[in-house]
Amino acid sequence: MDAAAARKTNAPEFSAAYYFLEGLTELGVEYLFCNFGTDHAPIIEEMAHRKKRGEPMPGVLHCPHENTAAHMAEGYAFITGRGQGVLVHVDVGTANTANAMHNAYRSRLPVLLMAGKAPYTANDELVGSRDTYVHFVQEPFDQASLVRPYLKWEWTLPSGVVVKEALRRAYSIMQSEPRGPVYLMMQRETLTQAWSADQIRRYAADQFAATSGGGADPKLVAALAERLLTAENPILIAGYAGRNERASAMIDALAQFAGIAVYEANMTSNTSHASPCFVGFAADKAVPAADVGILVDVDVPWFPSDVQIKEKSFWAHIDIDTLKPGSPMWTFPGNLRMQGDSGRILEQLLDELKAKATPKFRAAAAARLERIKALREERIARAAKLATDKGKPGAINPHYLMAELGKALDDDAIIFNEGVTNAGAVLLQIPRRRPNTTMRSGGGGLGWSGAMALGAKLAAPDRLMVQISGDGGFYFGNPSSVFAVSQQYKLPIFSIVMDNTGWNAVKQSTLRVFPEGQAKETSQFEANLAPKVTFTKVAEAFGAYGEEVTDPAEVAAAIARCLKEVRGGRSALLHARVTKM
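Residues numbered from 1 in each chain as written. Predicted model: local features only at pLDDT ≥ 70, side-chain atom pairs only at ≥ 80, totals over all residues. Heavy atoms only, no water.

(A) Structural context of helix α15 (residues 449–459). For α15, the tally of buried residues reaches 10 of 11 residues, placing the bulk of the element in the interior. Of all the positions in α15, only Ser449, Gly450, Ala451, Met452, Ala453, Leu454, Gly455, Ala456, Lys457 and Leu458 are classed as buried. (Buried < 20%, exposed > 50% of the residue type's maximum accessible area, 1.4 Å probe, protein only. Helix = DSSP H or I, 4+ residues; strand = E, 2+ residues; numbered from the N terminus.)

(B) Structural view of the packing of helix α4 (residues 66–80) against α15. In contact at an axis separation of 6 Å, α4 and α15 are set at 45° when each is read in the N-to-C sense. On the basis of their axis angle, the class for α4 and α15 is oblique. Here the hand of the crossing between α4 and α15 comes out right-handed. For the pair α4 and α15, contact is made by Asn67, Thr68, His71, Met72, Glu74, Gly75, Tyr76, Phe78, Ile79 and Thr80 and by Ala451, Met452, Leu454, Gly455, Ala456, Leu458 and Ala459, respectively. (Axes fitted to C-alpha atoms, helices over the stretch in contact; angles between N-to-C directions. Parallel < 35°, antiparallel > 145°, perpendicular 65-115°, else oblique. Left-handed = near helix turned anticlockwise from the far one by under 90°. Contact = heavy atoms within 4.5 Å.)

(C) Quick peek at the nonpolar core. Phe33, Met72, Val86, Tyr183, Phe416 and Met465 are the most contacted members of the largest nonpolar core, which has 41 residues in total. For this core, the secondary structure elements donating two or more residues are α4, β4 (84–88), α5 (90–107), β5 (111–117), β7 (181–187), β17 (414–418), α15 and α17 (479–488). Looking at this core, the element that brings in the most residues is α4, giving 7 residues. Discounting chain neighbours no more than four positions away, the residues touching Phe416 are Phe78, Met439, Trp448, Ser449, Met452, Ala453, Ala456, Met465, Val466, Gln467 and Ile468. (Core = buried A, V, L, I, M, F, W, Y, C linked by side-chain atoms within 4.5 Å.)

(D) View of the sheet that holds β5. Pairing is parallel across the open sheet formed by 6 strands, whose spatial order is β3-β2-β4-β5-β7-β6. Because the sheet does not close on itself, it has two edges, and the strands there are β3 (59–62) and β6 (153–156). Geometrically, the sheet is characterised by an average inter-axis angle of 20° between neighbouring strands, direction not taken into account. Sheet topology note: the β6/β7 ladder contains 4 bridges and is parallel. Its bridge partner being in β7, Thr156 is matched across the sheet by Met185. (Pairing = 2+ DSSP bridges.)

(E) Just the environment of Ala316, in detail. By the secondary structure assignment, Ala316 is in strand β13 (residues 314–319). The exposure class of Ala316 is buried, given its relative accessible area of 0%. In this structure, the C-alpha to C-alpha distance between Ala316 and Leu236, residues 80 residues apart in sequence, is 9.5 Å. Among residues more than four places away in sequence, those in contact with Ala316 are Leu224, Gly293, Ile294, Leu295 and Leu336.

(F) Expanded view of the packing of aromatic side chains. The final tally for this structure, using the stated rule, is 14 aromatic pairs. With centroids separated by 6.2 Å and ring planes inclined at 35°, the aromatic side chains of Tyr31 and Phe33 adopt a geometry described as tilted. Given the relative accessible area of 23%, Tyr31 is considered partly exposed. By relative accessible area, which is 0% here, Phe33 ends up buried. Where Phe278 meets Phe281, the ring centres are 5.4 Å apart and the plane angle is 70°; that geometry is what we call edge-to-face. The burial state of Phe278 is the same as that of Phe281; both residues are buried. The structure contains a cluster of three or more aromatic residues connected by ring pairs, namely Trp302, Trp315, Trp330 and Phe332. Between the NZ or CZ atom of Arg50 and the centre of the ring of Tyr18, over which it lies, the distance is 4.6 Å. (Phe/Tyr/Trp six-rings, centres within 6.5 Å; stacked < 30°, edge-to-face > 60°. Lys NZ or Arg CZ within 6 Å of the ring centre and 35° of its normal.)

(G) Focus on the sheet that holds β13. Pairing is parallel in the open sheet, where 6 strands are placed in the order β11-β10-β9-β12-β13-β14. Here the strands that pair on one side only, and so sit at the sheet edges, are β11 (278–280) and β14 (336–339). Between one strand axis and the next, the sheet turns through 20° on average, direction left out of account. Across 4 bridges, the pairing between β13 and β14 is parallel. The residue of β14 that forms the bridge with Ala316 is Leu336.

(H) Inspection of the environment of Asn335 at higher detail. Of note, Asn335 is situated in the loop between β13 and β14. Between the alpha carbons of Asn335 and Ser313 there is a distance of 9.1 Å; along the sequence they are 22 residues apart. Among residues more than four places away in sequence, those in contact with Asn335 are Ser313, Phe314 and Trp315. Looking at Asn335, its side chain comes within polar contact range of the main-chain nitrogen of Trp315, at 2.7 Å. (Polar contact = N/O pair within 3.5 Å; in protein donor to acceptor, adjacent residues only side chain to side chain.)

Below, the structure is given as structure tokens:
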């Protein structure tokens, strides 16, 4: 019996690429961030086919560099929580996303990375056989190895008949907590295979749901509550909690009820910085004195080489990912670990505390709130003092620059803070009253802030997106690609480059390891970058507004001009010459 007779019906035939696009639509994927190559011919053909037929498919954005494509998907996921598709070219395109996959994995952001593979036939045996030079040189033995350390799942599509099943599997895994990137590879011959509609099964979301966190064992909650009832110096350190509205609200409610000082470690603004319990970003001084500590959705609460915890202190870790199996070594203390939805668990904890609170506990909590107030006032005064020094022409003080920016931003603006060694000035000088309005990457790959701001703008077009980077990070971010996408898809963002003409992180690292070494003695840190670059020209090449500011007296007016352009629908780049490294 031939293949045609074996089919159940006479339904029309379509290629696997057709069902691939249909499957993405059924998943709810809204966008494909694409850097196309020869491997995508079947997909491009079916994109045209579906458009001609008036059939739905994800929106397609062309990204001149894969770093832009992948980080845009991460920015979109940061706002919505929904992973989007990234389509790149075989092994080389995959390699260009490795930096972004590292960031996505460490930042708990879902991304559906997809790439072709070199065709496996060479003599025109099948539609899609090798027909160009690169098809013979872009076939490594293990393509997925380029990004495997940063993936939750990876697979090569063996047949078009399971394309929707593969997509559902990938989507369920990337959306399951902790969320993260997945990778699907597809060859041209597989994508051109023809199948009838009744041969391609559909996989409904309600039957293949992603996993999510729940509450904790009440006995564990009660055990932590008992510790808090007798604590003298409790602290709470949060990292990702601001992405969970319930967790953010519960942190503030718990802290105010129990008199707990709240610190943020990297990642995002977790609770309102106007909260009476929010005291700052580095808990180094508080950790040694803490008798009870709560770690909420956090990966690196402090640096153990700099901080010694109190003997016999009690630490509880509340997180969707308490053991960090993606990290070979992770040895922060955890006398008690509760894995699940941090918002729900903190709500359980607050209910337990309220039920058991004694007058003595309430009085102690009130006394702690007074001490926390003093810590808050100290931090605010220190920030104000740092900002009073404006710097000098050619060397603007980053604290002053950020303080002036903070005055110009509303509570809805979202800041993508890639300031690296100046990231602390951003955090200290621009307090956020709303959670999840400042974002830092959980990974170490520089060059993410511009593209993530673009992806966030696509997801929330009415909100202002602000990219802040150093000159080093700006180079890594492929800014020509970022501003090209901004222009093509009308996604205005405000970019600020704090230019200290070097890799200050490299210099500071060398000094930490060798504080009195030869590098210091000779002032040779191998960290200098080009001193006379005009970054504004990059933005202007793609129709954006560019302005360089060197005089502290011009900072406020320059920021205002840039914001006017952005609010008018045009990206702006402010190149600020800050204090040299």
